Amino acid sequence: MIIELTRFRVKEGKEHRVDEWLEFLNEYMEDVLLTLEDEKMYVENIFRETVDSVDYLYWYSIEGEGGQDVENSEHWVDQKHLKYWKECIDESYEPVDLVLEVTMIPKRIRENLF
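This report concerns the structure included in the present document. (Residues numbered from 1 in each chain as written. Predicted model: local features only at pLDDT ≥ 70, side-chain atom pairs only at ≥ 80, totals over all residues. Heavy atoms only, no water.)

## Digging into the side chain of D90
Right, on to step 1. Positionally, D90 belongs in the loop between α3 (76-88) and β4 (96-97).
Right, on to step 2. A distance of 2.5 Å separates the side chain of D90 from the side chain of S92, its partner in a polar contact. (Helix = DSSP H or I, 4+ residues; strand = E, 2+ residues; numbered from the N terminus. Polar contact = N/O pair within 3.5 Å; in protein donor to acceptor, adjacent residues only side chain to side chain.)

## Describing the nonpolar core
Right, on to step 1. In terms of nonpolar packing, the biggest core is built from 15 residues, with V18, W21, L25, L57, W59, W85 and I89 touching the most fellow members.
Right, on to step 2. Where this core is concerned, the elements lending two or more residues are α1 (15-27), β3 (54-63) and α3.
Right, on to step 3. In terms of residue count, the dominant contributor to this core is α1 (5 residues).
Right, on to step 4. Apart from residues no more than four positions distant in its own chain, V18 is found in contact with V10, R48, L57 and C88. (Core = buried A, V, L, I, M, F, W, Y, C linked by side-chain atoms within 4.5 Å. Buried < 20%, exposed > 50% of the residue type's maximum accessible area, 1.4 Å probe, protein only. Contact = heavy atoms within 4.5 Å.)

## Quick word on helix α2 (residues 29-39)
Right, on to step 1. Listed in full, the buried residues belonging to α2 are V32, T35, L36 and E39. The buried residues of α2 occupy one face: seen down the axis, they fall within an arc of 110°. Exposed side of α2, more than 90 degrees from the buried face: E30, L34 and E37 are the residues found there.
Right, on to step 2. Those residues of α2 hidden inside the fold are in contact with α1, β2 (41-51), β3 and α3.
Right, on to step 3. Where α2 ends, the next residue or the one after it, K40, has phi of about 55°, a positive value. (Arc of directions from axis to C-beta.)

By themselves, these figures tell us nothing about what the structure is for.
So, in structure tokens, the structure goes:
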């Protein structure tokens, strides 16, 4: 089991495209959820924060080992997701992986995740 929380900076001026991106993911959630199976992604959440007029997106995920990388997916929804990513995420900013200190998942939930 891999649990991650990573911060990415949004490119300046791309905030409205991020709005569209997140609306797209919500609108096509049924298709998005289908792609998570191949990735062995059990939980994936995207959070948004603005600090000093700079937008950041945070990805929180719980995934299994050996899943397909989204970059290798042929699903149309993943391909569109990656186009938004390339347009909106500032690659000059080193992503920040937050340090996991405690995991609190009840045993009955953990057993059903995997």
